[in-house]
Amino acid sequence: MTALQTGLLCLALSACASLPDLRDLSASLQPSKVATVETQNGALPASKAQSLLAQRLRGAKKTDLTALAALEEAATGSPLTAGNKTTLLFDGPATISAMMAAIERATDHINFETYIFDEDEVGLKFADLLIAKQRAGVQVNIIYDSVGTLGVSAGFFQRLRDAGVNLTEFNPVNPLKRFGDWRINNRDHRKILIVDGKTGFAGGVNIAEDYSHSSLFRSRKTRSGELGWRDTHLQLEGPAVASLQWLFLDTWAQQNKNPLPDLDYFPSLPPVGDKVVRIVASHPGGDFEIYKAFTLALQEAKQSIHMTNAYFAPDAQILERLLDAARRGIDVKIIFPSQSDAGVVYYAGRSFYTELLQAGVRIFELKGSVLHAKTTVVDGLWSTVGSSNFDIRSFMHNSEINVIVLGDPFGRTMESAFQEDIRNSHEVKLEEWEQRSPAERVKEWSARRLAYYL
C-alpha cells in the first residue's frame, strides 16, 4: 500500500472499532471432541475423522494437533477439509506462471479476486490472457479492490469489460458509486484465483511489475542483479477449492447486484492428495476468524514459532501472545523486511523490536528484496500461507484469506523455506539495536501512534 493510499484511508476513517478481548479465548471455547473433517461427500463421522487425523497428523510430539484443530474450529467456524494437494509457490515469476498455466487450461470459468491489478507489463500480459480465454468461451469474473488499483486507468478495465469479462470494483473510492453504503476503509486484500472450480490459488502475490523477477530465494543471482519482491503463494487442488469458490461468490453477491452466469462453479472434487486444510477467511464486521486462529496457534505453541511477515503492527493482545511464547522458552523467530514499499508501516514494525528482543524473540531482516510474504509455521506442524499481514488493519478492516495446512510433511517444506530466508537475512541483536539514531527512534514512535490506521 502506498503512502497516498494509506493517507486516504486514514482521512476516511470515521469511527474506531476494536478487536475482541481474547485473553481467555481457549478457556471460553467449547470444542467438539473431534474436529469436523469435510470430504467431497460431506462431513466424516467422528470416528472416521479421528482416525484420519491420527494418521495424517503423525509427527506431533509435544503438540496435540487434534486438540488444536478442534479448538480452532470452535473459534473460527471453519471445518477441516481432507484429500487436498498443496503446492508452495515462491516469488512472482513462479506464482504468476503457475496461475497463467491454470488459466490456459480453463474450459468453463475463471474467478479472480485481487487487491492490486496494475496496468504494467505484468498486468497487461495477465489481462491479455484473460481476454483471450473470455473470447474463447470461458467466462472470466474479476473482483478488484478500488484502493489497490487507484492508479490504474479506467480504460484498462473497460477493455476487459468490452471483451465480455464481468468485473466488480470492491468498495469504490468514489462515494457516488455506492451511495449510502460507502465503506472506503474496508478493503479487499485477498488474492484468490479459482479455475473451473477445481484449481485454486491464494497467498500474497498481486499482479504487478514488482513480481516480474525473483528474489534471492533459492536463486544464484548476485546482489547486483535485478531482484523482485519476496513472496509466497499456494496452489490448491482437491475438495478445499470449493471453500475458495464460496468466498469469491459471496464477495461478488455483497458487492454487485448483478448475478453471475449459471456455470459449473462446484464440480465434483475427489481427493487428489493427503493434505488436511482449513480455509480461514475474515471480513470487516465479521467474527475475526484469522485473528482468533493466530491467537490460538501462538498460545498453544510448544516448541517453535517461525513467522515471516512484511507489515507488522499488532494490537496489544496478540503481541503479548508472541512475547509470552518467547518468555516461556518457545523458539520464536520473525523475518521482517530490511526495506519496504510502505515507510510508515515499516517503522511501525520496527517500533516493536525492543520489546520483542528483550523477551527473547530473534529478529531477522531480509536482504536484497522487498519482503511481502505472510507465512507462519508453529511447531513445524501448523502452517499458514495467506494474504493477512500481522497488523490491526488485516485483522479488523480488510477482507483476508489464509490457508492453514496441518501436518509434518507440509510443515517441513515451510521450515525449509524459512531457513532459506534466514540465510538471506541479517539478524538484529539487542545491543546493535540500542545503538540506532534518535532520528530512527522518532520515526518509530510516530509510526507506532498510527498503527490502528495502517
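Our structure's up above, just so we're on the same page.
Residues numbered from 1 in each chain as written. Predicted model: local features only at pLDDT ≥ 70, side-chain atom pairs only at ≥ 80, totals over all residues. Heavy atoms only, no water.

**Focus on the layout of surface pockets**
We count it as follows: Only protein atoms enter the calculation, which uses a 1 Å grid: trapped sets of points that fit a 1.4 Å probe without letting it out are cavities, open sets showing protein on both sides within 12 Å along at least five of seven lines are pockets, and any residue with an atom within 4 Å of a point is a lining residue. Grid points are joined across faces, edges and corners, and a volume is the space filled by probe spheres set on the points. Comment: elements are numbered from the N terminus, with helices defined as DSSP H or I runs of at least four residues and strands as E runs of at least two. Under this grouping Gly is polar, as are all residues other than the nonpolar Ala, Val, Leu, Ile, Met, Phe, Trp, Tyr, Cys and Pro and the charged Asp, Glu, Lys and Arg.
A volume near 590 Å³ is recorded for the largest pocket. Looking at the lining of the largest pocket element by element, the count peaks at seven residues for helix 8 (residues 241–255). Looking at the lining of the largest pocket, its residues break down into seven nonpolar, twelve polar and six charged.

**As for the pattern of salt bridges**
Selection rule: Salt bridges, as used here, are contacts in which a Lys or Arg side-chain nitrogen is within 4 Å of a carboxyl oxygen on Asp or Glu. Each residue is placed in one exposure class: buried if its accessible area under a 1.4 Å probe, protein chains only, is under 20% of its type's maximum, exposed if it is over 50%, and partly exposed if it falls in between.
Counted under the stated rule, the structure contains 21 salt bridges. For Asp 128, the salt bridge goes to Arg 159, with nearest N and O atoms at 2.7 Å. Here Asp 128, found in helix 6 (residues 121–135), pairs with Arg 159, found in helix 7 (residues 154–162); they are 31 residues apart in sequence, far enough to count as distant. Its salt-bridge partner being Arg 412, residue Asp 408 comes within 2.0 Å of it at the nearest N-O pair. Of the two residues, Asp 408 and Arg 412 both sit in helix 14 (residues 408–423), four residues apart, roughly one turn of that helix. Classification of Asp 408 as partly exposed rests on a relative accessible area of 21%. Residue classification places Arg 412 among the partly exposed residues on the basis of a relative accessible area of 49%. Each of Asp 91, Arg 230 and Asp 421 takes part in salt bridges that share partners, so that together they form one network.

**Details of empty space enclosed by the protein**
Tallying each qualifying case throughout the model produces six cavities of 30 Å³ or more. For the largest cavity, the calculated volume is near 80 Å³. Elements represented by at least two residues in the lining of the largest cavity include exactly strand 12 (304–309), strand 16 (374–378) and helix 14. It is helix 14 that provides the largest number of residues to the lining of the largest cavity, a total of four residues. When grouped by side-chain class, the residues that make up the lining of the largest cavity number five nonpolar, four polar and two charged.

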